[in-house]
Amino acid sequence: VFFMPGIVSLGNKFQLRFFEPRYRLLIADVMRDWPQELQRGGKIQASPSGDFPTFIYAHLSPLAPTTPACLVEVHRCEIY
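Notes on the structure in this doc start here. Keep in mind that this is a model prediction, so the values were computed, not measured.

Moving on: the pattern of salt bridges. Counting across every chain of the model gives three salt bridges. Here R22 ties to E20 by a salt bridge, and the two come within 2.9 Å at their closest N and O atoms. The class of R22 is exposed, set by a relative accessible area of 53%. The partly exposed category is assigned to E20, whose relative accessible area is 30%. One network of salt bridges, in which partners are shared, links D29, R32 and D33.

Written out as structure tokens, the structure is:
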């Protein structure tokens, strides 16, 4: 689960930049089963089953079991 206050509109694209080590580990873990070239800025195509790399993004506080969150599909990723 990635938590950062912000505004999210369901169905709209938005950009996240992970710079803290724990979040860099999160995105590396999300991308571990996808080809290395897609971790260098390549556009990600859905898998044959229609899936994208995904993670949970909570953008409201306080963070609790009842806090709404979004399932994020990663369509482009660049890990330095």
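Having seen it, we continue.
Take a nonpolar patch on the surface next. Taken together, V1, I56, L63 and L71 make up a surface patch of nonpolar side chains, about 420 Å² in accessible area. You can see L63 is positioned in the loop between strand 3 (54-58) and strand 4 (70-73). Assessed through its relative accessible area of 51%, L63 is described here as exposed.

On the secondary structure map, P68 appears in the loop between strand 3 and strand 4. The sequence separation of P68 and A58 amounts to 10 residues, and the corresponding C-alpha distance is 6.6 Å. Once residues within four sequence positions are removed from consideration, P68 is found in contact with A58 and L60.

Conventions used here
- Residues numbered from 1 in each chain as written.
- Predicted model: local features only at pLDDT ≥ 70, side-chain atom pairs only at ≥ 80, totals over all residues.
- Heavy atoms only, no water.
- Salt bridge = Lys/Arg side-chain N within 4 Å of Asp/Glu carboxyl O.
- Buried < 20%, exposed > 50% of the residue type's maximum accessible area, 1.4 Å probe, protein only.
- Patch = residues over 30% accessible without salt bridge, like charges linked within 9 Å, V, L, I, M, F, W, Y side chains within 5 Å.
- Areas by Shrake-Rupley, 256 points an atom, 1.4 Å probe, with all protein chains shown as cover.
- Helix = DSSP H or I, 4+ residues; strand = E, 2+ residues; numbered from the N terminus.
- Contact = heavy atoms within 4.5 Å.

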